[in-house]
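Listed below are the residues making up each chain.
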Amino acid sequence: MKVFDSTHAKGNFWGHAKRAGFISGLFLGAGLLGLVHMIFPFFLPEVMTLANKRISQELEVALCACPEEWK
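Every chain's residues receive numbers from 1 upward, in the order its sequence appears when written. A pLDDT threshold of at least 70 governs which residues receive local features in this predicted model, and a stricter bar of 80 or more applies before side-chain atom pairs are shown or counted, although totals over entire chains, interfaces and linings include all residues. Hydrogens and water are ignored here; the side-chain numbers use all heavy atoms of the structure.

Colleague: Help me understand helix H2 (residues 47–59), please; the structure alone is not making it clear to me.
Modeller: Because each turn of an α-helix spans 3.6 residues, side chains separated by three or four positions in sequence point in the same direction. Here a helix means four or more residues in a row that DSSP labels H or I, a strand means two or more in a row labelled E, and each is numbered from the N terminus. Residue count minus one, scaled by 1.5 Å, sets the expected span of a helix. Over its 13 residues, H2 runs 18 Å from end to end, which matches the ideal 18 Å to within 8%, given 1.5 Å per residue. Between two residues, a contact is recorded if the distance between any of their heavy atoms is within 4.5 Å. In this fold, the buried residues of H2 make contact with helix H1 (13–39). Downstream of H2 by one or two residues, Glu-60 has phi in the positive range, about 60°.

Colleague: Before we go on, may I ask you to explain the packing of H1 against H2 in this structure?
Modeller: In a pair of packed helices, the angle between the axes and the distance between the axes together describe the arrangement. Note on method: axes are straight lines fitted to C-alpha atoms, helices fitted across the in-contact stretch only, with angles between N-to-C directions ranging 0 to 180 degrees. Here H1 crosses H2 at 170°, and the two axes come no closer than 10 Å. Relative to H2, H1 is oriented roughly antiparallel. On the side of H1, the interface is formed by Arg-19, Phe-22, Ile-23, Leu-26, Phe-27, Ala-30, Leu-33, Gly-34 and His-37, while H2 contributes Val-47, Met-48, Ala-51, Arg-54, Ile-55, Glu-58 and Leu-59. When residue character is reported, Ala, Val, Leu, Ile, Met, Phe, Trp, Tyr, Cys and Pro are called nonpolar, Asp, Glu, Lys and Arg charged, and the others, Gly included, polar. For the contact of H1 with H2, the per-class residue count stands at 11 nonpolar, two polar and three charged. The scheme is simple: roughly parallel for angles under 35 degrees, roughly antiparallel for over 145, roughly perpendicular for 65 to 115, oblique for anything else.

Colleague: Just checking my understanding: could you explain the pattern of salt bridges for this structure?
Modeller: Once their charged atoms are close, side chains differing in charge can pair, the charge on each being opposite to the other. We define a salt bridge as a side-chain nitrogen of Lys or Arg found within 4 Å of a carboxyl oxygen belonging to Asp or Glu. The final tally for this structure, using the stated rule, is one salt bridge. Among the salt bridges present, the one from Arg-54 reaches Glu-58, with a minimum N-O distance of 3.4 Å. One end of the pair, Arg-54, and the other, Glu-58, are both in helix H2, four residues apart, so they sit about a helical turn from each other. Owing to a relative accessible area of 37%, Arg-54 belongs among the partly exposed residues under this scheme. Three exposure classes are used, based on accessible area relative to the maximum for each residue type with a 1.4 Å probe and protein chains only: buried under 20%, partly exposed in between, and exposed over 50%.

Colleague: Hey, could you run me through the side chain of His-37 in this one?
Modeller: Secondary-structure assignment places His-37 in helix H1. With residues up to four places along the chain from it excluded, the contact list for His-37 reads Phe-43, Leu-44, Pro-45 and Val-47.

Printed below as a string of structure tokens:
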């Protein structure tokens, strides 16, 4: 993993910034909802599962297939 790459978003800074901001917002929102769910477990019981699916879809990362006993 590189810490600094000056050519990472060269030529497409605003598009990259928009996408990074959106995905960061999803992470922050999911974290806040996760904290609410931690305090009130009966509220939004599947929020983290749905948030993980949405974030992985935006990152274009395939989630691993979970064993049936985890579902």
